[in-house]
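# Summary of structural features
Residue-level listing of the chains:
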Amino acid sequence: MLSTMHDMPLSLAHLLRYGSTVHAGAQVVTWTGSGSRRRTYAEVGRRCSALAHALRGLGIEGDDRVATYMWNNAEHLEAYLAVPAMGAVLHPLNIRLFPEQLIHIANHAEDRVIIVDGSLVPMLAPHLPRLETVEHVIVTGGPSSALAAPSGVTVHSYEELLAGRPDEFDWPEVDERSAAALCYTSGTTGEPKGVAYSHRSLWLHSMQVCMSDGANLRQGESALVVVPQFHVMAWGLPYAAFMIGASLVMPDRFLQPAPLAELIAAERPDFAAAVPTIWQGLLQHLKQHPQDISMLREVLIGGSAVPPSLMRAFEDDHHVTVLHAWGMTETSPLGSVARPPAEADGEERWRYRYSQGRFPASVQARLVDEQGRSVPHDGVSVGELCVRGPWIASSYYGVSAPDKFVDGWLRTGDVGMISEDGYLTLSDRVKDVIKSGGEWISSVDLENAVMGHPAVAGAAVIGIPDERWDERPLVVVVLHAGQAATPAELRDFLAASVARWQLPENWAFVSEIPTTSVGKYDKKQLRAEHRAGRFDVIRP
Ligand code: ADP
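Below is a summary of the structure that appears in this document. Predicted, not measured: the structure shown is a model, and the values here were computed from it.

A few words on the overall build of the protein chain. In terms of helices and strands, the protein chain carries 15 helices and 27 strands. Scaling as 2.2 N^0.38, a compact globule of 540 residues should have a C-alpha radius of gyration of about 24 Å, and the protein chain matches this with 23 Å. C-alpha atoms of the protein chain, sized along the principal axes, occupy 70 × 60 × 45 Å. Counting over 540 residues, the protein chain shows a buried share of 58%. Within the protein chain, contacts between residues at least 6 apart in sequence are counted, and of these 67% link residues at least 24 apart. In the structure as shown, the protein chain presents an accessible area of about 22,200 Å², 50% of it carried by carbon and sulfur atoms. Looking at charge distribution, the protein chain has the averaged site of its 45 positive side-chain charges lying 1 Å from that of its 63 negative ones.

As structure tokens, then:
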């Protein structure tokens, strides 16, 4: 028997209409470096209509791709909403990619328009002649005259293009399964690949962001979105905010610890989200420049493992709860979220919070061994994590990847275990795990342990070739300014929590650990630097 329910397509046009009327007074706040500019969701709605008219005027029809090359700000939010709502496909470009990757991605996606922040024009301009399908560049927040267009490309000013346009748009009905946005993986472990989110997947994902077992975004609160809008759709926060009526606080290009601290003081957000390296930087800054950040009800951290010492520092020194979550570009990204079960208390709660968390009802997870056989969820057996669900990719855009998508399951490339009560603990990425004498050493466990030392500001662990054991860990460490620690001291410190055979004998001290385009420690780069003999490896 079929249900008697109406089959309403879940579309971002509906989300835009809903948020800009029902939550008309919620705001997107953009930091300018010395203050904020504000726009209500009602105004955002009107400007989205104007933008859609402007894009139609430039010939954007059907599923044409409209790219952005922007910071997190009000105009980027307008593109986020207007482009999919008019039936086109939004493609946020990662502004930190190497030129060759950027060019490859824009050509692969066949972007016809790029909306670019005025401050980023000098970075984009040199590559424009090689962007084969781009016909229009729209410059926000700066003079369009600063950009000399290559032949075949017309340059517009965003504000001039919107001026005088109608503030209503006849948003089309779209198939909820059609693409709304396209994000490329950041290429940490390979070439970037495109993931096309549908209207339906973004809608359902937004609901999960608002759910109490998700990010628990709440009506009337404000969310500081430090995670870039080009990194997995800013973790779904802009759409979820429009759905629930939460305000958005956007840092624009002011992402260093000092301006972030200033923004937090000025706007007093209730919620914030970013990768661990951002928060490590902020914590260090706050040590030297103490400031109250306890208005933050919760800080969502993911993208790489959150060291327990970071979570404790937030809690003990600043009375801020860290919410650890796991996800990837292919998972929209919300996968598991580490909220402890209500019945847990004391140290047990912390153990749950340190894990990568539980999956929501909509996401199915399983572990498989190297032959693809299921591994039990008993909290001890280790396997590769596979997931599937309505906001999990089942293919890449225009690239076949039969090893990545098996029987509808996404093979994540992450290795770990799942407890009987469904909590995931990741030990590593398949490509980062250290294979020593037939056993596996988790680089993440070692990093977390080293990060617990008070003199350590950052640590990344990679496997390096070893004649006897195949591979052994090399710990690359950054010390806090003015602090000292020898490899022998750090090794002794680890001995309390790490099995003897796993204790690293290779150490290197550096002033900075390279990060990827989305701010994670770049282990590919570290391995290359080690091969090139750039580290002064010390063996205590
Ligand atoms: P890239 O794969 O290029 O780094 P993504 O942002 O999609 O880009 O990264 C997803 C990967 O990040 C996951 O597969 C996992 O390895 C890692 N990751 C994300 N969140 C966590 C977490 N909480 N703990 C450990 N690893 C994480």
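What follows is about the side chain of Gln208. You can see Gln208 is positioned in helix α7 (residues 199–210). According to the relative accessible area criterion, Gln208 is buried, its value standing at 4%. Within the local environment of Gln208, its side chain forms a polar contact with the side chain of Asp213, the two groups lying 2.9 Å apart. In this structure Gln208 touches Asp213, Gly214, Ala215, Leu334, Pro360 and Trp391, once residues within four positions along its chain are discounted.

Here we come to the layout of surface pockets. Of the volumes computed, that of the second largest pocket is approximately 870 Å³. Only α9 (257–267), α10 (276–288), β25 (456–466) and β26 (470–479) provide two or more residues apiece to the lining of the second largest pocket. With five residues, the single largest contributor to the lining of the second largest pocket is α10. Here the lining of the second largest pocket is composed, by residue class, of 22 nonpolar, 13 polar and four charged. Both domains that meet at the lining of the second largest pocket, namely domain 1 (12–211) and domain 2 (434–531), each give it at least three residues.

Rolled over the atoms, a probe with the dimensions of a water molecule shows which regions are left empty. If you walk through the whole model with that rule in mind, you get one cavity of 30 Å³ or more. In this structure, the largest cavity spans a volume of roughly 120 Å³. The wall of the largest cavity is formed by 15 residues, among which Asn94, Tyr184, Thr185, Ser186 and Phe230 lie closest to the centre. Elements that contribute at least two residues to the lining of the largest cavity include exactly β4 (89–92) and β8 (179–184).

For the rest of this paragraph, the subject is the pattern of salt bridges. Where charged atoms from two side chains of opposite charge come close, those side chains can pair. Applying the stated criterion to the full structure yields 25 salt bridges. When the shortest N-O distance is used, the salt bridge between Glu347 and Arg312 registers 3.1 Å. One end of the pair, Glu347, is in helix α12 (residues 347–354); the other, Arg312, is in helix α11 (residues 308–318), and 35 residues separate them in sequence. On the accessibility criterion, Glu347 (49% relative accessible area) is partly exposed. For Arg312, a relative accessible area of 24% puts it in the partly exposed group. Here Arg411 ties to Glu384 by a salt bridge, and the two come within 2.7 Å at their closest N and O atoms.

A word on the packing of helix α2 (residues 41–57) against helix α3 (residues 74–85). For the pair α2 and α3, interaxial distance at closest approach is 9 Å and the crossing angle is 65 degrees. Handedness of the crossing formed by α2 with α3: right-handed. Contacts between α2 and α3 involve Tyr41, Val44, Arg47, Cys48, Leu51 and Leu55 from the first element and Glu75, Leu77, Glu78, Ala79, Leu81, Ala82 and Val83 from the second. Within the contact of α2 with α3, the residues separate by chemical class into 10 nonpolar, no polar and three charged.

The next subject is the packing of aromatic side chains. Taken as a whole and assessed by the stated rule, the structure comprises eight aromatic pairs. With a centroid separation of 5.8 Å and an interplanar angle of 80 degrees, the aromatic rings of Trp279 and Phe314 are classed as edge-to-face. A residue pair is termed long-range when its members are at least 10 positions apart, and Trp279 in helix α10 and Phe314 in helix α11 qualify at 35 residues. With respect to class, Trp279 is no different from Phe314; both count as buried. Judged by centre distance (4.4 Å) and plane angle (55 degrees), the rings of Tyr352 and Tyr423 are tilted.

What follows deals with the environment of His6. Mapping His6 onto the fold places it in the segment before α1 (12–22). Considering only alpha carbons, one finds His6 and Ala485, 479 residues apart in sequence, at a separation of 65 Å.

The next point concerns the packing of α7 against helix α8 (residues 237–244). The interhelical angle for the contact between α7 and α8, taken along N-to-C directions, is 75 degrees, at an axis separation of 8 Å. Compared by their axis directions, α7 and α8 come out roughly perpendicular. Contact residues: Leu202, Trp203, Ser206, Met207, Val209 and Cys210 in α7; Leu237, Tyr239, Ala240, Met243 and Ile244 in α8. Its residues assigned to classes, the contact of α7 with α8 comprises 10 nonpolar, one polar and no charged.

The peptide bond linking Ser332 to Pro333 adopts the cis configuration, its omega dihedral lying at 10 degrees. Among the structural elements, Pro333 can be located in the loop between β14 (321–326) and β15 (336–337). The backbone phi angle of Asp252 is positive, close to 55 degrees, even though this residue is not glycine. Structurally, Asp252 is set in the loop between β11 (247–250) and α9. Among the residues examined, Asp252 registers a relative accessible area of 6% and is labelled buried. The residue Asp407 is not glycine, and still its phi comes out positive at about 50 degrees.

Quick look at the nonpolar core now. In this structure, Leu55, Trp171, Leu217 and Tyr239 are the most contacted members of the largest nonpolar core, which totals 92 residues. Discounting residues that sit within four places of it in the chain, Leu217 has contacts with Val209, Cys210, Ala223, Leu237, Ala240, Ala241, Ile244, Ala246 and Phe271. Ala67, Ile105, Val137 and Val139 belong to the second largest nonpolar core, which has 57 residues in total.

Bringing the pairing of strand β6 (residues 136–140) into the picture now. In terms of burial, β6 is a largely internal element, five of the five residues being buried. Burial along β6 is two-sided: His136, Ile138 and Thr140 and Val137 and Val139, pointing in opposite directions, are all buried. Of the strand pairs in this sheet, strand β5 (residues 111–117) and β6 are connected by five bridges, and their pairing is parallel. Residue Val116 lies in a different strand from β6, and its bridge partner there is Val139. As judged from the four bridges shared by β6 and strand β7 (residues 154–157), these two strands associate in the parallel manner. Paired with His136 across the bridge in β7 is Thr154.

Procedures and definitions
Residues numbered from 1 in each chain as written. Predicted model: local features only at pLDDT ≥ 70, side-chain atom pairs only at ≥ 80, totals over all residues. Heavy atoms only, no water. Helix = DSSP H or I, 4+ residues; strand = E, 2+ residues; numbered from the N terminus. Rg over C-alpha atoms; globule rule 2.2 N^0.38 Å. Buried < 20%, exposed > 50% of the residue type's maximum accessible area, 1.4 Å probe, protein only. Contact = heavy atoms within 4.5 Å. Areas by Shrake-Rupley, 256 points an atom, 1.4 Å probe, with all protein chains shown as cover. Lys, Arg positive; Asp, Glu negative; His and termini not counted. Charge placed at Lys NZ, Arg CZ, Asp CG, Glu CD. Polar contact = N/O pair within 3.5 Å; in protein donor to acceptor, adjacent residues only side chain to side chain. 1 Å grid on protein atoms, 1.4 Å probe; cavity = no way out; pocket = protein on both sides within 12 Å on 5 of 7 lines; lining within 4 Å. Points joined across faces, edges and corners; volume = space filled by probe spheres on them. Nonpolar A, V, L, I, M, F, W, Y, C, P; charged D, E, K, R; others polar. Domains from an automatic or database assignment. Salt bridge = Lys/Arg side-chain N within 4 Å of Asp/Glu carboxyl O. Axes fitted to C-alpha atoms, helices over the stretch in contact; angles between N-to-C directions. Left-handed = near helix turned anticlockwise from the far one by under 90°. Phe/Tyr/Trp six-rings, centres within 6.5 Å; stacked < 30°, edge-to-face > 60°. Parallel < 35°, antiparallel > 145°, perpendicular 65-115°, else oblique. Core = buried A, V, L, I, M, F, W, Y, C linked by side-chain atoms within 4.5 Å. Pairing = 2+ DSSP bridges.

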